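Observations on chain architecture
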Amino acid sequence: MDDRRTLFLAGFVGASLSYIFNVLAFTGTFDVFRWVVFVALYAGFTYGFDRFIGWQTGSA
């Protein structure tokens, strides 16, 4: 596994755990559909920013 994929996976796990714990702390309930929406948005923004930065630096 290359470094970039490892960093993306670590970021996803950290963001996902943070989302889950915050939702449980503030609402007391967990909705899988909202978590899936969060995962989709997180993946979309992460991919988009990665492509944008790669385009700006010429490494894409």
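For every chain, the first residue of its written sequence is number 1, and the numbers climb from 1 along that sequence. Predicted model: local features are reported for residues with pLDDT of at least 70 only, side-chain atom pairs are reported and counted for 80 or more only, and whole-chain, interface and lining totals are derived from all residues. As a rule here, side-chain values come from all non-hydrogen atoms in the structure, and water together with hydrogens is ignored.

1. Some details on the packing of aromatic side chains
How two aromatic rings sit relative to each other is set out by the distance from centre to centre and by the angle between their planes. Note on ring pairs: Phe, Tyr and Trp rings are taken, using the six-membered ring of Trp, and paired if centres are within 6.5 Å. Classes follow the plane angle, with under 30 degrees stacked, over 60 edge-to-face and the rest tilted. In total, this model carries five aromatic pairs according to the counting rule given. When the ring of Phe12 is compared with that of Tyr42, the centres are 6.5 Å apart and the planes differ by 50°; the resulting orientation is tilted. Here Phe12, found in helix α1 (residues 3-27), pairs with Tyr42, found in helix α2 (residues 32-57); they are 30 residues apart in sequence, far enough to count as distant. Taking 5.9 Å as the distance between ring centres and 40° as the angle between the ring planes, the aromatic pair formed by Phe52 and Trp55 counts as tilted. Within this pair, Phe52 and its partner Trp55 are both found in helix α2, separated by three residues, close to a single helical turn. Through a chain of ring-to-ring contacts, the aromatic side chains of Phe12, Tyr19, Phe38 and Tyr42 assemble into a single cluster. Strands here mean DSSP runs of E at least two residues long; helices mean DSSP runs of H or I at least four residues long; both are numbered from the N terminus.

2. Let's talk about the environment of Gly28
Among the structural elements, Gly28 can be located in the loop between α1 and α2. We call a residue buried when its accessible area falls under 20% of the maximum for its residue type, exposed when it is over 50%, and partly exposed in between, using a 1.4 Å probe and counting protein chains only. For Gly28, a relative accessible area of 55% gives the class exposed.

3. With respect to the side chain of Ser16
Of note, Ser16 is situated in helix α1. If near-sequence neighbours (up to four positions away) are discounted, Ser16 is found in contact with Trp35 and Phe38. For this analysis, residues touch if any pair of their heavy atoms sits within 4.5 Å.

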